[in-house]
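Here's the letter readout for the chains.
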Amino acid sequence: FPSHDTVHGSLNYGTGGAIYVNGEGSRILIGNSVFEENFVDPMGLLDPNLEMLSGYGGAIFAVVGAEVKIVGSIFNSNHCFASGGAIGVADWPGTSETVASVSLYYCTFTKNWSRWGGAVDNFLAQLSGSGNIFYDNRSIDGYGYISDVNNGISTEYGPSSSSLSYSLTTLGAIFGNTGPGI
């Protein structure tokens, strides 16, 4: 792994302020890195109270079968307007045979924010790992540091799955949303 690379970036009208991983077979491994002050700002306006629904994954966004493994990294002060202040992982039904996944091991998330999932947002995808610390992250609409949006059993893939063992969070940090199937 590289020795503490620091990534700073911004992206208007998009997803993944520093890294965007899209497509089945796309795989990346990140280790001992610092993601700090990355953001996705859909309109070029830095107002956290806007009613914008675009901008996913302040630092990293993985979608449509992509696989991301992150080890020993720090996510500090990243943000976006929609979901996943530091990391967003999502799958859109019918786009890939493989579900997008993010694995987190021994990472620290502090002062990240977004509308949903202040640190991490999982939408119909897979989130796993262990030994992480989530502290002082913020969700504007109150949907937790980690938001797992499970829209029931998708006809394509089944429900999203979040499994972060031996991770430290503050009270009320994980939000689960269940709804009708797609």
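Notes on the structure follow. It should be emphasised that the depicted structure is a prediction, and the values quoted were computed from it without experimental measurement.

### Points about the sheet that holds strand 16 (residues 126–130)
Pairing within the open sheet is parallel, and its five strands lie in the order 4-8-12-16-20. What marks the edges here is a single partner per strand, and that holds for strand 4 (27–31) and strand 20 (161–165). Strand-to-strand twist across the sheet, computed as the mean angle between neighbouring axes with direction ignored, equals 10°. Bridge count for strand 4 against strand 8 (residues 67–71) is five bridges, and the pairing is parallel. Within the sheet, the bridge partner assigned to L29 lies in strand 8 and is K69.

### Some remarks on the packing of aromatic side chains
Tallied over the full model, the rule gives six aromatic pairs. Taking 4.9 Å as the distance between ring centres and 5° as the angle between the ring planes, the aromatic pair formed by F35 and F75 counts as stacked. Of this pair, F35 sits in strand 5 (residues 33–36) while F75 sits in strand 9 (residues 74–76); the two residues are 40 residues apart in sequence, bridging distant segments of the chain. You'll find F35 and F75 in the same group, each marked buried. One aromatic cluster in this structure is built from F35, F75, F109 and F134. When the ring centre of W113 is taken as origin, the NZ or CZ atom of R138, which lies over that ring, is 5.6 Å away.

### A short note on the pattern of salt bridges
The full count for this structure, using the stated rule, is one salt bridge. A salt bridge links R27 to E67, with the nearest nitrogen and oxygen atoms 3.1 Å apart. With R27 in strand 4 and E67 in strand 8, this residue pair connects regions lying 40 residues apart in the sequence. Overall, the relative accessible area of 60% leaves R27 in the exposed class.

### Here's the deal with a nonpolar patch on the surface
Taken together, the side chains of I133, Y135 and L168 make up a nonpolar region of the molecular surface, amounting to roughly 310 Å² of accessible area. Within the secondary structure, Y135 sits in strand 17 (residues 133–135).

### Description of the side chain of S73
With respect to the secondary-structure elements, S73 resides in the loop between strand 8 and strand 9. Relative accessible area serves as the criterion here: at 1%, S73 is assigned to the buried category. Side-chain polar atoms of S73 contact the backbone nitrogen of N32, separated by 3.5 Å. Not counting residues within four places of it along the chain, the set of residues in contact with S73 comprises I30, G31, N32, S33, Y106, C107 and T108.

### Quick word on the environment of Q126
Relative to the elements of secondary structure, Q126 occurs in strand 16. Look at Q126 and you get partly exposed, because its relative accessible area is 28%.

### Digging into the pairing of strand 11 (residues 87–90)
A two-sided burial pattern is seen for strand 11, the buried positions comprising I87 and V89 on one face and G88 and A90 on the other. Inspection of the sheet shows strand 7 (residues 60–63) paired to strand 11 by four bridges, in the parallel sense. Across the sheet, the residue bridging to V63 is A90, located in strand 11. In the sheet, strand 11 pairs with strand 15 (residues 120–123) via four bridges, with the strands oriented parallel. Bridging across to strand 15, A90 finds its partner in F123.

### Considerations on the nonpolar core
In this structure, I70, F75, I87, V102 and F109 are the most contacted members of the largest nonpolar core, which totals 26 residues. If you list the elements that add at least two residues to this core, you get strand 7, strand 8, strand 11 and strand 12 (101–105). Those residues in contact with F109 that lie beyond four places of it in its chain are F75, A86, I87, L104, A119, V120, I133, F134, Y135 and N137.

Calculation criteria
Residues numbered from 1 in each chain as written. Predicted model: local features only at pLDDT ≥ 70, side-chain atom pairs only at ≥ 80, totals over all residues. Heavy atoms only, no water. Pairing = 2+ DSSP bridges. Helix = DSSP H or I, 4+ residues; strand = E, 2+ residues; numbered from the N terminus. Axes fitted to C-alpha atoms, helices over the stretch in contact; angles between N-to-C directions. Phe/Tyr/Trp six-rings, centres within 6.5 Å; stacked < 30°, edge-to-face > 60°. Buried < 20%, exposed > 50% of the residue type's maximum accessible area, 1.4 Å probe, protein only. Lys NZ or Arg CZ within 6 Å of the ring centre and 35° of its normal. Salt bridge = Lys/Arg side-chain N within 4 Å of Asp/Glu carboxyl O. Patch = residues over 30% accessible without salt bridge, like charges linked within 9 Å, V, L, I, M, F, W, Y side chains within 5 Å. Areas by Shrake-Rupley, 256 points an atom, 1.4 Å probe, with all protein chains shown as cover. Polar contact = N/O pair within 3.5 Å; in protein donor to acceptor, adjacent residues only side chain to side chain. Contact = heavy atoms within 4.5 Å. Core = buried A, V, L, I, M, F, W, Y, C linked by side-chain atoms within 4.5 Å.

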